[in-house]
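What follows is the residue order along each chain.
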Protein chains: 4
Amino acid sequence: MQQKKKKALPRKDRQKQYHRKQILNTALDLFSKYGYHNISMHKIAKEAEFSVGTLYNFFSDKEDLYRALITELALEFLDCMKKALGSPGDEAEKLHTYIVAKGRLFTNNIPMLRIYFSETRGSSFDAKAGLDKELRALYEKGLQQISLVFKSGMDKGLFKKLLEPYYMAIVLESITNTFLFLWLEDPQRHPYEKVEDVTRLFFENIRNHP
Amino acid sequence: MQQKKKKALPRKDRQKQYHRKQILNTALDLFSKYGYHNISMHKIAKEAEFSVGTLYNFFSDKEDLYRALITELALEFLDCMKKALGSPGDEAEKLHTYIVAKGRLFTNNIPMLRIYFSETRGSSFDAKAGLDKELRALYEKGLQQISLVFKSGMDKGLFKKLLEPYYMAIVLESITNTFLFLWLEDPQRHPYEKVEDVTRLFFENIRNHP
Amino acid sequence: MQQKKKKALPRKDRQKQYHRKQILNTALDLFSKYGYHNISMHKIAKEAEFSVGTLYNFFSDKEDLYRALITELALEFLDCMKKALGSPGDEAEKLHTYIVAKGRLFTNNIPMLRIYFSETRGSSFDAKAGLDKELRALYEKGLQQISLVFKSGMDKGLFKKLLEPYYMAIVLESITNTFLFLWLEDPQRHPYEKVEDVTRLFFENIRNHP
Amino acid sequence: MQQKKKKALPRKDRQKQYHRKQILNTALDLFSKYGYHNISMHKIAKEAEFSVGTLYNFFSDKEDLYRALITELALEFLDCMKKALGSPGDEAEKLHTYIVAKGRLFTNNIPMLRIYFSETRGSSFDAKAGLDKELRALYEKGLQQISLVFKSGMDKGLFKKLLEPYYMAIVLESITNTFLFLWLEDPQRHPYEKVEDVTRLFFENIRNHP
DNA sequence: GATGAATGAGTTTTCATTCAT
DNA sequence: GATGAATGAAAACTCATTCAT
């Protein structure tokens, strides 16, 4: 009996999760292409081959669906960052690994990148009831992790103490985002690898050379 | 008699322009606070103390109103840039003047800053019928002007030739925008002047020291 | 002094009448092309090169303008009919003259013809506040005049007494209108002169041959 | 089980069709009374006891609703004509059957009659996106059918060859429409049966008597 | 649990009409 | 008398959300 339950429920659950994922994927695709306001629940339902009612069984309203989508993307990004920053090597190597990983994550997932820009930049209106603050907190957490790497590098004497670690992190993020943005607009003209030229200069400049 | 005529017609015209400006100011305020999609024509009309009809006498539709607003702001920004980059002094001084002027322009006009972010960043959906391209072209023009200053500085041997001038411009913009963004989110914690620390490092690094 | 007045006022009056006529001509042109509901007062004003205010100095509202237009057209038609039916010759000749004159009037004035159809046919909605009844009364008056000619022709023994004169008039109108309609739709395929074939048959059939 | 399914699905469908029909009936009533431009979607919705949204679930826009209405009426009329002209008897009898059937159809359905007039007559503006041409084509098809009967009657020697069959059809239509119009305006004064007097004369005149 | 027909508040837009200059 | 800027009611249409089946 227990076995039955253990198997019975999970199967349904798995299917449910699968449907939920399908809806979120469709929503990511549509929102990233056309924007939150230009996509209706009916369009998502139709594209995902569900009925509107079903969407409302998974998410309490349109905003909730969006929030779920955004949150999952943010967590995926943070996870990628955590892995990269936890990679073996000294602080400069960790950061380099992160720059490459971030590039790979986003250039392989354009919809995610578009959403990333529309949410982290552009003073997000739409008061999606606190989504903002949630995301900002997550992003701040990410910045802190990068800051820690800079700090650790400074403490070890690897990096010069030119700026507070936090601003180091900010500048690094600012540069990588800019190159992602350029790449998104015109991948031919601005291959993401260009970022390496600039970050190399950046690291050369902050590094302590014996 | 002629004087009368000369004054009589402009008076109406001047008033009309004044009303137009009032509408645009109201729209700037509301759009920047709540976003294009969350502001209805009725709200703008009410706030500006005109009737909806009057809005439509000035602008053919909501998009046209928005476009007019954005275009005027963009031109104002470019004008500010042109003046700063044309100021006396060597290339490093010109760029410094620009950084300060940009900061002053935007920190004195928060609504303008919000619109600036929501349009230049955030992969703008809503294809406001080519507004995008128009703006991008204007922004590109601005970047070219900054690039020229870098180029001229390099030609004179003032700056090292570390990157193409265009990417120099991009990085400079990216840094100033980042600090404007930080300032907007928390002016106490991130006074715009912080930008000076980073740009000083930037210029020290690219400068040729005799 | 009196002379002055006599000349002074009439001049102004003449000009006023001229302007009024210009407005009505413009309105005829536009209404006949696009229909009452698709033409705004602003369009008429612009086309006639007056301001909206001026239109309202001549006509109390849009309906009044339309009514004035229609009424003048109706009177013009009745006048044409009266002249034709009063022409020399026997009853058959009078009616023939009328058929030709009606054709000439309308084929030379397509806008008038379109308005004629849109008002006499098509159960006129738009309750243009009794305009309907007015026009119907005028049209009925016209039908009576034609009826009288038929009656007179019957009394003289020229026409057989196959139908009441009123229905004779109705049938004659119905035939001429039909051919005008066909002509309007495709003047090449349906030249108005075709009406002669049918009316000849009609008259041969109702005529008393000695 | 199968029966259940067979009945289960159609039930919803049947209800949907029923609702659609209710909306169209209401629209017919209102449009025929007040005209297309004087009836708003809200009025139709209210009268039909649905919400506006429901109207838009059935029809993509106001024009589409109107087009659907008109097209159904036109097909109904053509069907009636086809049946009448296919009735047993010689050509004169077929045409007589048609005249009677047309009278019955329209005098039993005044709204349909009003719409019929407002669409077939009155140089229709509003270019309801080709509805015009569609209807004209349908009407032309009807005229062709009547023409064929006249032609067949002529070929058999039943009718004189006084006019091309097409114009015979036109004249017949013109007469029946005129009498329907008279009846609509004042049913007491002009009972539709009056049409018989005129058509009898018409047929006597075109018939070959041995 | 899934469905999709029904809802109606809210949005953009038009246009006849007024009235201060 | 002419002007045209301002008005605002009313129209067409959208879409997030509900709920009976």
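Fair warning: this is a prediction, and the values are worked out from it, not measured in the lab.

With that settled, the discussion passes to the overall build of chain A. Helices and strands together make up the secondary structure of chain A, namely 9 helices and 0 strands. When the helices and strands of chain A are placed in sequence order, the string is α-α-α-α-α-α-α-α-α. By principal-axis analysis of the C-alpha atoms, chain A measures approximately 65 × 45 × 30 Å. Sorting the 210 residues of chain A into buried and exposed places 50% on the buried side. Counting only contacts in chain A whose residues sit at least 6 apart along the sequence, the fraction spanning at least 24 positions is 67%. Of the roughly 11,100 Å² of accessible surface on chain A, 54% is carried by carbon and sulfur atoms. If the 34 positive side-chain charges of chain A are averaged to one point and the 27 negative ones to another, these points end up 7 Å apart.

So, on to the protein's contact with DNA strand F. Lining the immediate environment of DNA strand F, one finds 30 residues, of which Met 41 of chain A, His 19 and Thr 54 of chain B, Thr 54 of chain C together with Lys 62 of chain D sit closest. The sugar-phosphate portion of DNA strand F accounts for 61% of its atoms within 4 Å of the protein, the bases making up the rest. Between Met 41 of chain A and DNA strand F, the recorded distance is 2.7 Å, taken from a backbone N or O atom to a phosphate oxygen. Ser 51 of chain C is positioned such that a nitrogen or oxygen atom in its backbone is 3.4 Å from a phosphate oxygen of DNA strand F. Within the residue set of the surface near DNA strand F, elements represented by two or more residues are helix H2 (41-48) and helix H3 (52-58) of chain A, helix H1 (2-34) and helix H3 (52-58) of chain B, helix H3 (52-58) of chain C together with helix H2 (41-48) and helix H3 (52-58) of chain D. Looking at the surface near DNA strand F residue by residue, the classes come out as 11 nonpolar, 14 polar and 5 charged.

Before going further, it helps to examine the packing of aromatic side chains. Summed over all chains, the structure comprises 62 aromatic pairs over all chains. Arranged with centres 5.5 Å apart and planes meeting at 35°, the rings of Phe 31 of chain B and Tyr 36 of chain B form a pair that is tilted. Like Tyr 36 of chain B, Phe 31 of chain B is buried. When the ring of Phe 150 of chain C is compared with that of Phe 159 of chain C, the centres are 5.7 Å apart and the planes differ by 50°; the resulting orientation is tilted. For the pair formed by Phe 150 of chain C and Phe 159 of chain C, the shared burial category is buried. Ring pairs connect the aromatic residues Phe 77, Phe 106, Tyr 116, Phe 117, Tyr 139 and Phe 181 of chain B, which therefore count as one cluster. Taking NZ or CZ as reference, Lys 62 of chain A lies 4.4 Å from the ring centre of Tyr 36 of chain A, over its face.

The subject of this paragraph is the interface of chain B and chain A. At the interface, 40 residues of chain B touch 40 residues of chain A. At the boundary of chain B with chain A, total buried surface from both sides reaches about 3,300 Å², with 62% on carbon and sulfur atoms. Our enumeration of links across chain B and chain A arrives at 6 salt bridges. Residue Arg 189 of chain B pairs with Glu 140 of chain A through a salt bridge whose shortest N-O separation is 3.2 Å.

On to the relation of the copies chain D and chain C. Of the two same-sequence chains, chain D is brought onto chain C (RMSD 0.3 Å, axial shift 0.0 Å) by a rotation of 179°. Look at the turn and shift together and you get a two-fold axis relating the two. Taken together, the interface assignments show that 100% of the residues at the interface of chain D recur at the interface of chain C, consistent with an identical surface on both copies.

All names here are of chain B. At their nearest, the axes of helix H4 (residues 62-85) and helix H7 (residues 131-155) sit 11 Å apart, and the two run at 5° to each other. By the angle between their directions, the pair H4 and H7 is classed as roughly parallel. Note on element contacts: H7 touches H4 through Leu 131, Glu 134, Leu 135, Leu 138, Tyr 139, Gly 142, Gln 145, Ile 146 and Val 149, opposite Tyr 66, Arg 67, Ile 70, Thr 71, Ala 74, Leu 75, Phe 77, Leu 78, Met 81, Lys 82 and Leu 85. Its residues placed into classes, the contact of H4 with H7 shows 14 nonpolar, 3 polar and 3 charged.

Residue and element names in this part refer to chain A. Looking at chain A, the domain boundaries give domain 1 (1-58) and domain 2 (69-206). Every contact between the two is made by 9 residues of domain 1 and, on the other side, 10 residues of domain 2. Buried surface at the junction of domain 1 and domain 2, both sides included, amounts to about 760 Å², of which 67% is carbon and sulfur. For the domain 1 face of the interface with domain 2, the top three residues by lost area are Leu 24, Leu 28 and Ser 32, together amounting to 57%. Where domain 1 packs against domain 2, one counts 2 salt bridges. Note that Glu 72 is salt-bridged to Lys 21, the shortest N-O span being 3.0 Å. Taken together, the connections running from domain 1 to domain 2 amount to 3 residue pairs in polar contact (both at pLDDT 80 or more).

Now for the protein's contact with DNA strand E. Close to DNA strand E lie 31 residues, the nearest being Thr 54 of chain A, Met 41 and Lys 62 of chain B, Met 41 of chain C together with His 19 of chain D. Counting only the atoms of DNA strand E that lie within 4 Å of the protein, the sugar and phosphate share comes to 57%. Here Asn 57 of chain A contributes a side-chain N or O atom positioned 3.4 Å from a phosphate oxygen of DNA strand E. The contact in question runs from a base nitrogen of DNA strand E to an N or O atom on the side chain of Asn 57 of chain D, over 3.2 Å. Broken down by secondary-structure element, the contributors of at least two residues to the surface near DNA strand E are H3 of chain A, helix H2 (41-48) and H3 of chain B, helix H2 (41-48) and H3 of chain C together with helix H1 (2-34) and H3 of chain D. Here the surface near DNA strand E gets 5 residues from one element, more than from any other, and that element is H3 of chain D. Residue composition of the surface near DNA strand E, by class: 12 nonpolar, 14 polar and 5 charged.

Cut-off values and rules
Residues numbered from 1 in each chain as written. Chains lettered and ligands numbered in written order. Predicted model: local features only at pLDDT ≥ 70, side-chain atom pairs only at ≥ 80, totals over all residues. Heavy atoms only, no water. Helix = DSSP H or I, 4+ residues; strand = E, 2+ residues; numbered from the N terminus. Buried < 20%, exposed > 50% of the residue type's maximum accessible area, 1.4 Å probe, protein only. Contact = heavy atoms within 4.5 Å. Areas by Shrake-Rupley, 256 points an atom, 1.4 Å probe, with all protein chains shown as cover. Lys, Arg positive; Asp, Glu negative; His and termini not counted. Charge placed at Lys NZ, Arg CZ, Asp CG, Glu CD. Near = heavy atom within 4 Å. Polar contact = N/O pair within 3.5 Å; in protein donor to acceptor, adjacent residues only side chain to side chain. Nonpolar A, V, L, I, M, F, W, Y, C, P; charged D, E, K, R; others polar. Phe/Tyr/Trp six-rings, centres within 6.5 Å; stacked < 30°, edge-to-face > 60°. Lys NZ or Arg CZ within 6 Å of the ring centre and 35° of its normal. Buried area = accessible area lost by both parts, 1.4 Å probe. Salt bridge = Lys/Arg side-chain N within 4 Å of Asp/Glu carboxyl O. Least-squares fit on C-alpha atoms with pLDDT ≥ 70 in both. Axes fitted to C-alpha atoms, helices over the stretch in contact; angles between N-to-C directions. Parallel < 35°, antiparallel > 145°, perpendicular 65-115°, else oblique. Domains from an automatic or database assignment.

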